[in-house]
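A closer look at the structure
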Amino acid sequence: MDTTTFLLMIPLLLTVFCVFTISRSRNPRLPPGPYPFPVIGNLLQLGNKPHRSLAALSKRYGPLMLLKLGSRTTLVISSPDMAKEFFHKHDQSFSSRSVPEIVRLNNHNESSIVWLPAEYQWRRLRRITKECLFSGQSLDASEQLRRQKVHELVDHVRECCRNEKAVNIGAVAFTTTLNIISNLLFSSNFSQYDLTSSQEIHEVISGLLEVAGKPNLVDFFPILRPLDPQGLASQVHVYFDKLFAIFDNIIDQRLQRRAVSSSYDTDLSTQHDVLDLLLDINFKDDHELSINDMKSFFMDLLVAGSDTVSITLEWAMTELIRNPKKLETARIELMKHMHNNDKTLNEHNIPQLPYLQAIIKETLRLHPPGPFLVPHQATHDVEVEGFIVPKDAQILCNVWAIGRDPKVWSNANVFMPERFLEAKTDYRGQDFELIPFGAGRRSCPGLNLARRELHTILVSLIYNFDWKLEGNMRAQDLDMEEKFGLSLPRNVPLMAIPIDHDRL
Ligand code: HEM
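Residues numbered from 1 in each chain as written. Predicted model: local features only at pLDDT ≥ 70, side-chain atom pairs only at ≥ 80, totals over all residues. Heavy atoms only, no water.

1. Topic: the nonpolar core
Among soluble globular proteins, nonpolar side chains are generally buried collectively. Within the largest apolar cluster, 106 residues are counted, with the highest numbers of intra-cluster contacts made by Phe298, Leu458 and Trp467. Take this core: its biggest share by element is 13 residues, from helix α13 (residues 291-322). The residues contacting Leu458, other than those within four sequence positions of it, are Leu313, Ala316, Met317, Leu320, Leu356, Ile359, Ile360 and Glu453. With 22 residues, the next largest nonpolar core counts Phe86, Ala393, Ile395 and Ala439 among its residues. (Core = buried A, V, L, I, M, F, W, Y, C linked by side-chain atoms within 4.5 Å. Buried < 20%, exposed > 50% of the residue type's maximum accessible area, 1.4 Å probe, protein only. Helix = DSSP H or I, 4+ residues; strand = E, 2+ residues; numbered from the N terminus. Contact = heavy atoms within 4.5 Å.)

Put into structure tokens, the structure is as follows:
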């Protein structure tokens, strides 16, 4: 062997040595998993669709699998029973978050409802979301606002229909959901359907979602933090600063208005939007909820509540366009409950529409917008099913894999809303085979708002219009690949041309 060959072989020998050493020294009480390479661990096995790669790996290693992602110990859950162990039996021990690097910028993790540990300040924010936004009473009170926003959507689609113009379903759904939340928070629209008008806030939020969805090397190798090798931290800084400046402006204007308004009082029942309610709390509780806490809260709700809903709607429309008979069944069911000149669904009618509800469940089963939930973290060593889950390990629950597991679902890859007509399975966190909103104390607080939005917006699109694909593309030819990021949208946006029912 010449010297050059020997030198070239050194990295290979080192790798083999390390793998051997790690495999020998692996604690047998740790869950099984693929052997990690030195330094990078199992990163190369993630590929560009980690939900699919990890689903495949779990077939080999089982429903609880241990990986090393760079230096981060990660546990992957891939079965309903295991999910129940974590988020029901040991819920408290796994209710912390594993915090990504970009969330640490501007210390957002210290005031964010999504990233705070499940302690006092987090409980307080959860209570506020419930009282101000998501209780049945608050949601009933804001129904009119949602109807108005859905009307605006229908008007826009009607305009496209007249001009035979294709609609980007995900984009218009995003505008609708963003405006619903921005109106709940500030009584103002953050986006417009008309692309010629200014879309600054819309662009900042979508930019933030996009950057936050990119895999960040610093999460796997914290030692690289000062280098910010992909420039993600600097991009996020820019978005944070822009968004916080917008919030500052809105808050200043509101404070000025409140200062001059003689009718202003601190009786919560007379207030309208969440900003008013939070300013009241700030005023009453001697600034226990600071202006900075409020800005983090607004950002979290806008980010968590806009693209999750719009992505689900885009997938629901995709599946219905591919399955015209199922679309027709949904319409026939709707005819019985809608009156002639209704454009939108009354939210109280949702329980009377079992097929529509089944469509939403089936869409969330096949296309959960958060394929791994939001990463949890073990607060201490925990024994689960005979294995040790080490303190500080990151926990990913692969709800995408659970939704497609043939051991759990018959014809698992087929869109079949009918499966939910007889079954009582629901997505509220009791049935662990369907947990797109998570389960346990960290589950999604926006579920009830999302449920109302998903059903009413979908109805407005399928009841008022028929749809054909752009360029006479056949529905069977639609690309069904997803793009992995912070959420799981379609890889190629769904572009469809609305057709008036009367012209069919
Ligand atoms: C289809 C719609 C939605 C889906 C599928 C969804 C899903 C989820 C999931 C999977 C989590 C994490 C659960 C866990 O880690 O165990 C979550 C958390 C959260 N969601 Fe949603 N969500 C949706 C809509 C919304 C909406 C409309 C809002 C509010 C406007 C919202 C606000 C939040 C917040 C604040 C959290 C963090 C909760 C915490 O960490 O305590 N979500 N959501």
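So, next bit.
2. Let's talk about the coordination of the iron atom of the ligand
Exactly one protein atom donates to the iron atom of the ligand; that atom is Cys444 (SG), 2.3 Å from the metal. Position of Cys444 among the secondary structure elements: in the loop between α17 (419-422) and α18 (447-464). (Donors = N, O, S within 2.8 Å, 3.2 Å for Na, K, Ca; no water.)

3. Digging into the packing of aromatic side chains
Summed over all chains, the structure comprises 13 aromatic pairs. Between the aromatic rings of Tyr427 and Phe437, the centroid separation amounts to 5.3 Å while the plane-to-plane angle is 50 degrees, which identifies the pairing as tilted. Of this pair, Tyr427 sits in the loop between α17 and α18 while Phe437 sits in the loop between α17 and α18; the two residues are ten residues apart in sequence, bridging distant segments of the chain. Across the pair, exposure class does not vary: Tyr427 and Phe437 are buried alike. Among the aromatic residues, ring-to-ring pairing joins Phe186, Phe190, Phe240, Phe244, Phe247, Phe297 and Phe298 into one connected group. The ring of Trp409 carries the charged tip of Arg365 above its face, separated from the ring centre by 5.3 Å. (Phe/Tyr/Trp six-rings, centres within 6.5 Å; stacked < 30°, edge-to-face > 60°. Lys NZ or Arg CZ within 6 Å of the ring centre and 35° of its normal.)

4. Comments concerning the environment of Lys424
As for its placement among the helices and strands, Lys424 is situated in the loop between α17 and α18. Remark: the alpha-carbon pair of Lys424 and Ala439, spanning 15 residues in sequence, is separated by 17 Å.

5. Observations concerning the packing of α13 against helix α14 (residues 324-335)
It is at 5 Å that the axes of α13 and α14 come closest, and there the two elements cross at 110 degrees. Here α13 lies roughly perpendicular to α14, going by the angle between them. In this structure, α13 contributes Leu320, Ile321 and Arg322 to the contact, and α14 contributes Pro324, Lys326 and Leu327. Here the residues of the contact of α13 with α14 sort into four nonpolar, no polar and two charged. (Axes fitted to C-alpha atoms, helices over the stretch in contact; angles between N-to-C directions. Parallel < 35°, antiparallel > 145°, perpendicular 65-115°, else oblique. Nonpolar A, V, L, I, M, F, W, Y, C, P; charged D, E, K, R; others polar.)

6. Quick word on the site of the ligand
The full set close to the ligand counts 27 residues, and Arg97, Trp122, Arg126, His376 and Cys444 are the nearest of them. A distance of 3.5 Å separates an oxygen atom of the ligand from a polar atom in the backbone of Val114. One nitrogen or oxygen atom from the side chain of Trp122 is found 2.8 Å from an oxygen atom belonging to the ligand. Elements supplying a minimum of two residues to the shell around the ligand: α5 (120-134), α13 and α18. Looking at side-chain class alone, the shell around the ligand contains 18 nonpolar, six polar and three charged residues. (Near = heavy atom within 4 Å. Polar contact = N/O pair within 3.5 Å; in protein donor to acceptor, adjacent residues only side chain to side chain.)

7. Focus on the sheet that holds strand β8 (residues 394-397)
Overall, mixed pairing links the five strands, which are arranged β1-β2-β8-β5-β3 in an open sheet. Looking at the sheet topology across the chains shown, the edges are occupied by β1 (64-69) and β3 (96-97). Two elements, strand β5 (residues 376-377) and β8, share two bridges in a ladder whose sense is antiparallel. In the strand pairing of β8, Gln377 is matched with Gln394. On the sheet, helix α2 (residues 50-61) packs against β1 and β2 (72-77) and is oriented at approximately 125 degrees with respect to β1. The sheet strands contacting helix α3 (residues 80-89) are β1, β2, β5 and β8, and the helix crosses β2 at an angle near 120 degrees. (Pairing = 2+ DSSP bridges.)

8. A few points about the side chain of Ser310
Considering the arrangement of structural elements, one finds Ser310 in helix α13. At 3.4 Å, the side chain of Ser310 forms a polar contact with the backbone oxygen of Asp307. Residues in contact with Ser310, not counting those within four places in the same chain, are Gly170, Ala173, Phe174 and Thr177.

9. Focus: the environment of Lys68
Note on placement: Lys68 falls in strand β1. Taking the C-alpha atoms as reference points, Lys68 and Val39, separated by 29 residues in sequence, lie 9.1 Å from one another. Apart from residues no more than four positions distant in its own chain, Lys68 is found in contact with Pro36, Ile40, Gly41, Asn42, Leu43 and Thr73. In this structure the side chain of Lys68 is engaged in a polar contact, spanning 3.0 Å, whose partner is the side chain of Thr73.

10. Here's the deal with the packing of helix α8 (residues 169-186) against α18
Between α8 and α18, whose axes approach to 12 Å, the crossing angle comes to 135 degrees. Taken together, the axes of α8 and α18 lie oblique to each other. Regarding α8 and α18, the two cross each other, and that crossing is right-handed. Where α8 approaches α18, its residues Ile169, Thr176, Thr177, Ile180 and Leu184 are matched on the opposing element by Leu449, Glu453, Ile457 and Leu461. (Left-handed = near helix turned anticlockwise from the far one by under 90°.)

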